[in-house]
Structures are given as structure tokens and as C-alpha cells.
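Fold and contact review
Below, each chain spelled out in residue letters.
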Amino acid sequence: MVGPSSVDSIRPVYDRGPQHRPLYLEAQVDDIPVKLLVDTGADVTIINPRVYYQIPRRYRPQLEEHPNVNAADGHPMRSLGKGRFRVMVNDTFLIHESMWPI
């Protein structure tokens, strides 16, 4: 999940010990500083709607209507849609075409 820069309050759902801590990367999504939780098993990339609404309206990516996403346990998660976002990690810039504000 991509969220606001302070992730001190984000904790794993379960703790498998110090050797299995979540991996976070500092990045920018459309020039908004964020910390990315790297989830190699995820089918989609999710961002916090607060990040989406921090992007100035004239630069905010248009969202396509899309069916809602299901969480890993199968329960539906309501989405604002999906869109194309500019992501910068270190000096690497990319356009991510499947980010979902949830």
C-alpha cells in the first residue's frame, strides 16, 4: 500500500520475527512523498486516497471506473477506480498504469 510519508504507525498483520520485516521504499507518487510497502504477491498496487487527493486537481490522474478489488482473504475493497500515476524511486521514473486509490 502506498500511504503518507509517515509509516511509523503501519505494522504487519502478523509478526514473523526480525528476519521477516516488511520492505518499504521511499518514493514519490506524482510528486507526493510516500513510503511504498513492497508486496511481491500483490496483483494490484493500492494507494491511500489521501495521497490521490493531495495531487493538485489539474495534475491528478483521471481514474477509470473499474470493478472493485478483492483483498487477499477474498473480501471486496471499494475503489475509486484505477489510473496511471508517475512514480519516482531514487533516480528511476516510471508510469504505473494500475494504481488503485482505496
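Preceding this paragraph is the structure being described.
Right, let's walk through the structure included here. Computed from a prediction, not measured in an experiment: that's the story for all the values here. (Residues numbered from 1 in each chain as written. Predicted model: local features only at pLDDT ≥ 70, side-chain atom pairs only at ≥ 80, totals over all residues. Heavy atoms only, no water.)

As for the pairing of strand E2 (residues 23-29)
Inclusion rule: For two strands to be treated as a pair, DSSP must find at least two bridges joining them. For the purposes of this entry, the term helix denotes a DSSP run of H or I that reaches at least four residues, the term strand denotes a run of E that reaches at least two, and both are numbered from the N terminus.
For E2 and strand E3 (residues 32-38), the ladder comprises seven bridges, and the chain directions are antiparallel. Its bridge partner lying in E3, leucine 25 is registered against leucine 36. Between E2 and E3, which follow one another and run antiparallel, lie two residues, and aspartate 30 among them has a positive phi close to 45°.

Some details on the pattern of salt bridges
What counts, and what does not: The salt bridge criterion pairs a side-chain nitrogen of Lys or Arg with a carboxyl oxygen of Asp or Glu, the two atoms within 4 Å. Under the scheme applied here, a residue whose accessible area is under 20% of the maximum for its type counts as buried, over 50% as exposed, and between as partly exposed, the area being computed with a 1.4 Å probe on protein chains only.
Counting across every chain of the model gives three salt bridges. Linking arginine 86 and aspartate 30 is a salt bridge whose minimum nitrogen-to-oxygen distance equals 3.1 Å. Placement of the pair is arginine 86 in strand E7 (residues 83-89) and aspartate 30 in the loop between E2 and E3, with a sequence separation of 56 residues. You can call arginine 86 partly exposed: its relative accessible area is 32%. A salt bridge links arginine 86 to aspartate 31, with the shortest nitrogen-to-oxygen separation between them at 2.9 Å. Taken together, the residues arginine 86 in strand E7 and aspartate 31 in the loop between E2 and E3 connect sequence positions 55 residues apart. The class for aspartate 31 is exposed, based on a relative accessible area of 52%. Three or more residues are tied together by salt bridges with common partners; here these are Asp30, Asp31 and Arg86.

Section: a nonpolar patch on the surface
For clarity, the cut-off: Every patch collects residues that have over 30% relative accessible area and no salt bridge, joining them within 9 Å if they carry like charges and within 5 Å if they are nonpolar side chains (Val, Leu, Ile, Met, Phe, Trp, Tyr). Accessibility throughout is a Shrake-Rupley quantity obtained with a 1.4 Å probe, and a residue counts as covered only by protein chains that appear here.
On the surface, Leu23, Leu25 and Val38 cluster together into a nonpolar patch covering about 220 Å² of accessible area. Residue position: valine 38 is located in strand E3.

Some thoughts on the environment of valine 69
Relative to the helices and strands, valine 69 resides in strand E5 (residues 69-70). The buried category is assigned to valine 69, whose relative accessible area is 10%. Spatially, the C-alpha atom of valine 69 lies 8.4 Å from that of valine 44, the residues being 25 residues apart in sequence.

Some thoughts on the pairing of strand E8 (residues 92-101)
Examined bridge by bridge, strand E4 (residues 45-47) and E8 share three bridges and lie parallel to one another. When the bridges of E8 are listed, isoleucine 46 appears paired with tryptophan 100. Here E7 runs beside E8; their pairing, made up of six bridges, is antiparallel. Within E8, the residue paired with arginine 86 across the bridge is isoleucine 95. Here E7 folds back onto E8, and the loop between the two strands holds two residues, one of which, asparagine 90, carries a positive phi near 55°.

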